[in-house]
Amino acid sequence: MPPALFSTNRRGSMWQGGSQGSSQPSSQSYAKDARPLRDRSFQAKMRQDIGMFLMNTGFEVAPQMLQNITGKDFRAVFQHLIQCLDPIWEFKPEQRFEEQFMQALRAVKYPYIGQIDIKWLPTPAAMHSWASLLGMLHWLVELCKAREHYMDSRHPTLQDPELIPDEFEDISYHLALAFDHHSRAYVDFLQGQDVFPEQEKVLEERYTKKDARVLADLEQLRERLTEIQAEWEQLKKSAPPFEDLKKDNGSLRRDKLKFEEILRRLDERKQKWMRLVQEEKTELEYNLASLEKMHAEEQRLAGIVKVQNLSPDEVLRMNSEHESLSRELESLKHKITETSQVVVRLEVSLTRKVSDAEEALDQYTSLLSTLGLFPPLAPPLEDVDLTIDLHSASANPQGLLSGADIRKVVKPTLSRITEMKRTAHAEVESERIRVDDELEQLTFECETIEEEALEVMNKTNALNEQADELREAAQQEGLVSNAEASRLERDLAAARTAAMANGVGVKSRLQALQIAYREQVEKVNRLKEDTVRAVIKNSSDIVAFKDEVSKQLQHLRDFAEAN
């Protein structure tokens, strides 16, 4: 709880005491008013300010009231301004206004009160008095405006509990909560209560709300610290990571060899396609050159036919032969076209088949890379190479595929690897089931230990309650003994008084009372010592018990972390 709640500072009151209203202060204790109160323009401005403020605060004011004001109107305006400053200020009808007037001015600490005379109040509009009284009213109006501005500013010094944010550090907010707590508790105190649980609960909830985010952050940091500590303990208990790094290095080296093999295969395929493209370009250039030669031969033959001198029969025969050759040529062209189409379809089909075969081999290679079956394989298959290459340009069908035989080597090896993987999976599954059983057993043991710890905590709470009851009983016995000792002291004092009054006839009774008093004092001391010893013994037992519980819980935590 903040120290503001224990502060003895109290807010001041405007009430200055009833006896101060009639005393006249000396003129030397007040400052001289430096405002130009006799200036007519300044008086007009003051009247305007006062009139505007009175209308804004709901006071009915006539336009010409402040120019020739009566004593009744002046009293009403003055009381309205004082109650704007302090709504609970009370003007008593049975008391003279002159006494209440000076008392109110002293309460608001008007600095120029020495220049005000209460004899002016019956006729405030007089020429010798109105300037000072008008300046006093204008000063009260400015003070009211300053108060309104301050009340609307939501400043921390307002000590309004509704304006306090959820999280704050300003001492003014602490003071506001302290004042609210003390004021509510004081109301209950006036009603006869000595304890204030409701007000304390409200205050505790407010500070709990203030510290909620900080506590949440603290809890998160504690959880993070616990995780880091657990991780640190795990790292200290675990073996050095050198072996794991060696294994990772070996696997990375094997992966490097596999990827280098894949890159080599891809480079060979790239070179093969580049050679095919170059061969196609060469064949295309050869065909273009042959076509140009055929065009030149055709032109040469056409020129020879033109210069020859042939008979009609020869021309007819040559035409008929030309027509028959043309038909045969067309038939041959048609057959060539059909053959070309068939060749094209076969080439397209072959290309598709080759592409499908290459895609299948790519998938096969990707699967080998994914499954880690690139050479070298793990023992006992380190001598087996499962990679297969496709040579689509090979003229021999037996040379299309290079690598291990699919039926004799690849399929049996893959079947053997599958069986080995299944066996390893079965072993891992069996190990997982065994670990699950051990985990369930450990969980059951942890729950049992938690129940035992809960039972121990319940016993601890019971011992604490018994210690509290013993402490309360000892306190009650001490109170009874103190009361008895007080009574005996009173009796002893009365006996001494009676002895002094009656003489030595009561010495025996005095001695008896002294003996009884000493016995009671000794009894009280014995009870105090027994109570202190019992409390110390119970506290020691509780501390030892808590230490034992802490050791058991720590042992349980270490056991759980180790397993």
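Residues numbered from 1 in each chain as written. Predicted model: local features only at pLDDT ≥ 70, side-chain atom pairs only at ≥ 80, totals over all residues. Heavy atoms only, no water.

With respect to the overall build of the protein chain
Across its full length, the protein chain carries 11 helices and 2 strands. Reading the protein chain from its N terminus to its C terminus gives the helix and strand order α-α-α-α-α-α-α-α-α-β-β-α-α. Taking all 563 residues of the protein chain together, the buried fraction comes to 23%. Carbon together with sulfur atoms contributes 56% to the accessible area of the protein chain, which is approximately 41500 Å² in total. (Helix = DSSP H or I, 4+ residues; strand = E, 2+ residues; numbered from the N terminus. Buried < 20%, exposed > 50% of the residue type's maximum accessible area, 1.4 Å probe, protein only. Areas by Shrake-Rupley, 256 points an atom, 1.4 Å probe, with all protein chains shown as cover.)

Regarding a negative patch on the surface
Taken together, Glu-447, Glu-450, Glu-451, Glu-452 and Glu-455 make up a surface patch of like negative charges. Judged by its relative accessible area of 46%, Glu-452 is partly exposed. (Patch = residues over 30% accessible without salt bridge, like charges linked within 9 Å, V, L, I, M, F, W, Y side chains within 5 Å. Salt bridge = Lys/Arg side-chain N within 4 Å of Asp/Glu carboxyl O. Lys, Arg positive; Asp, Glu negative; His and termini not counted. Charge placed at Lys NZ, Arg CZ, Asp CG, Glu CD.)

A word on the pattern of salt bridges
Within the structure shown, the criterion is met by 19 salt bridges. A salt bridge links Glu-98 to Arg-96, with the nearest nitrogen and oxygen atoms 3.6 Å apart. By relative accessible area, Glu-98 is classed as buried at 17%. For the salt bridge of Arg-487 with Glu-484, the shortest nitrogen-to-oxygen distance reads 2.2 Å. Note that Arg-487 and Glu-484 are positioned in helix H10 (residues 406-502) at a spacing of 3 residues, about one turn of the helix. By relative accessible area, Arg-487 is classed as partly exposed at 35%. The class of Glu-484 is partly exposed, set by a relative accessible area of 25%. Within this structure, Glu-261, Arg-264, Arg-265 and Glu-268 form a network of salt bridges that share partners.

Let's talk about a nonpolar patch on the surface
On the surface, Tyr-186, Phe-189 and Leu-190 cluster together into a nonpolar patch covering about 350 Å² of accessible area. By relative accessible area, Leu-190 is classed as exposed at 57%.

Re the nonpolar core
When a protein is soluble and globular, its nonpolar side chains tend to lie buried together. Formed by 41 residues in total, the largest nonpolar core has its most connected members in Phe-74, Phe-78, Leu-81, Phe-101, Met-136, Leu-137 and Leu-140. Taken together, the elements giving at least two residues each to this core come down to helix H1 (40-56), helix H2 (71-85), helix H3 (97-107) and helix H4 (127-151). Looking at this core element by element, the count peaks at 10 residues for H4. What Leu-137 contacts, discounting residues up to four positions off in sequence, is Ile-50, Phe-74, Val-77, Phe-78, Leu-81 and Trp-130. Counting residues in each nonpolar core, the second largest holds 6 residues, with Tyr-173, Leu-177, Leu-203 and Tyr-207 among its members. (Core = buried A, V, L, I, M, F, W, Y, C linked by side-chain atoms within 4.5 Å. Contact = heavy atoms within 4.5 Å.)

Things to note about the packing of helix H5 (residues 171-190) against helix H6 (residues 197-210)
The geometry of H5 relative to H6 is characterised by a closest axis approach of 9 Å and an angle of 165 degrees between their N-to-C directions. By the angle class used here, H5 and H6 are roughly antiparallel. The two elements H5 and H6 meet at a crossing, and its hand is right-handed. Across from His-174, Leu-177, His-181, Arg-184, Ala-185 and Asp-188 in H5, the residues of H6 making contact are Gln-199, Glu-200, Leu-203, Arg-206, Tyr-207 and Lys-210. Counted by class, the contact of H5 with H6 contains 4 nonpolar, 3 polar and 5 charged residues. (Axes fitted to C-alpha atoms, helices over the stretch in contact; angles between N-to-C directions. Parallel < 35°, antiparallel > 145°, perpendicular 65-115°, else oblique. Left-handed = near helix turned anticlockwise from the far one by under 90°. Nonpolar A, V, L, I, M, F, W, Y, C, P; charged D, E, K, R; others polar.)

Comments concerning unusual backbone geometry
One non-glycine residue, Lys-109, lies in positive phi territory at about 60 degrees. Classification of Lys-109 by relative accessible area gives exposed; the value is 61%.

Side note on the confidence of the model for the protein chain
Taken over all residues, the pLDDT of the protein chain has a mean of 79, while the share at 70 or more is 85%. Confidence over residues 1-28 falls short of pLDDT 50; this stretch has 35 contacts with residues more than four positions distant or in other chains. (pLDDT = per-residue confidence, 0-100.)

Quick notes on the packing of aromatic side chains
Enumeration over the complete set of coordinates arrives at 10 aromatic pairs. Taking the centre distance of 6.4 Å and the plane angle of 70 degrees together, the rings of Phe-78 and Phe-91 count as edge-to-face. Highlighted residues: Phe-78 in helix H2 and Phe-91 in the loop between H2 and H3, separated in sequence by 13 residues. An aromatic cluster of at least three residues, connected via ring pairs, comprises Phe-74, Phe-78, Trp-89, Phe-91, Phe-97 and Phe-101. (Phe/Tyr/Trp six-rings, centres within 6.5 Å; stacked < 30°, edge-to-face > 60°.)

Quick notes on the environment of Val-543
Among the structural elements, Val-543 can be located in helix H11 (residues 507-562). Of the residues examined, Val-543 reaches a relative accessible area of 48% and is grouped as partly exposed. Expressed as a C-alpha distance, the spacing of Val-543 and Thr-460, which sit 83 residues apart in the sequence, is 9.9 Å.

Details of the side chain of His-80
Mapped onto the secondary structure, His-80 falls in helix H2. With near-sequence residues (within four places) excluded, His-80 lies in contact with Leu-54, Thr-57 and Phe-59.

Considerations on the packing of H1 against H4
For the pair H1 and H4, interaxial distance at closest approach is 9 Å and the crossing angle is 45 degrees. The orientation of H1 with respect to H4, classified from their angle, is oblique. In this structure, H1 crosses over H4, and the sense of that crossing is left-handed. Here H1 contributes Gln-43, Met-46, Arg-47, Asp-49, Ile-50 and Phe-53 to the contact with H4, which in turn contributes Ala-131, Leu-134, Gly-135, Leu-137, His-138, Val-141, Glu-142, Cys-144, Lys-145 and Glu-148. Looking at the contact of H1 with H4, its residues break down into 8 nonpolar, 3 polar and 5 charged.

Digging into the state of the cysteines
Chemically, a disulfide is nothing more than a covalent bond linking the sulfur atoms of two cysteines. This model, assessed by the stated rule, comprises 0 disulfides. Cysteine Cys-84 remains unbridged, with the sulfur of Cys-144 as its closest cysteine sulfur at 5.1 Å. (Disulfide = S-S within 2.5 Å.)

A short note on H5
For H5, spanning 20 residues, the distance from its first C-alpha to its last is 28 Å, which sits close to the expected 28 Å at 1.5 Å a residue. Within the span of H5, buried status applies to Ser-172, Tyr-173, His-174, Ala-176, Leu-177, Ala-178, His-181, Ala-185 and Asp-188. Where the residues of H5 are buried, they touch H6. Phi turns positive, to about 105 degrees, at Gly-192, one or two residues after H5. (Expected span 1.5 Å × (residues − 1).)

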